[in-house]
Amino acid sequence: QVQLVESGGGLVQAGGSLRLSCAASGRTFSNYYLGWFRQAPGKEREFVTGISWSSRSTYYADSVKGRFTISRDAKNTVYLQMNSLKPEDTAVYYCAAGQRPGWTVRNQYDYDYWGQGTQVTVAS
């Protein structure tokens, strides 16, 4: 059974940093693309960042570019380093994985596996 488990969320002051982790189990994800999405209260889930299976390509939403960094290791874990956090970054953050040809990184429907989410709250 495939599982993605996020960790690292919490409460932080504006301007602070957090590092989210997403550990995958159940199969090897080395040839999967991985992404992070977030959903704030009353809003739709939105793309944050994604990384190709080779790690050669990374993609970011304009709202987080220059502040967030996605990376992955060889042990089925993807990370999201979040710096200079803003109150508008407050949301539940989800990691996701997929393996579809013609992957569109920002399209949540191109991802097959999802974690349960971790709450990030940025206080002003």
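Above this text sits the structure in question.
Residues numbered from 1 in each chain as written. Predicted model: local features only at pLDDT ≥ 70, side-chain atom pairs only at ≥ 80, totals over all residues. Heavy atoms only, no water.

Peer 1: Got a minute to help me understand the overall build of the chain in this structure?
Peer 2: The helix and strand inventory of the chain stands at zero helices and eleven strands. For the chain, the succession of helices and strands along the chain, N to C, is β-β-β-β-β-β-β-β-β-β-β. Taking 124 residues into account, the globule formula puts the C-alpha radius of gyration at 14 Å, and the chain, at 13 Å, falls close to it. For the chain, the C-alpha atoms occupy an extent of roughly 40 × 25 × 25 Å along the three principal directions. Classification of the 124 residues of the chain by burial places 46% in the buried group. For the chain, the proportion of contacts with a sequence separation of at least 24, taken over those separated by at least 6, is 59%. When the accessible area of the chain is evaluated, it comes to approximately 6,400 Å², of which 46% is carbon and sulfur surface. If you average the places of the 13 positive and of the 9 negative side-chain charges in the chain, the two averages end up 5 Å apart. (Helix = DSSP H or I, 4+ residues; strand = E, 2+ residues; numbered from the N terminus. Rg over C-alpha atoms; globule rule 2.2 N^0.38 Å. Buried < 20%, exposed > 50% of the residue type's maximum accessible area, 1.4 Å probe, protein only. Contact = heavy atoms within 4.5 Å. Areas by Shrake-Rupley, 256 points an atom, 1.4 Å probe, with all protein chains shown as cover. Lys, Arg positive; Asp, Glu negative; His and termini not counted. Charge placed at Lys NZ, Arg CZ, Asp CG, Glu CD.)

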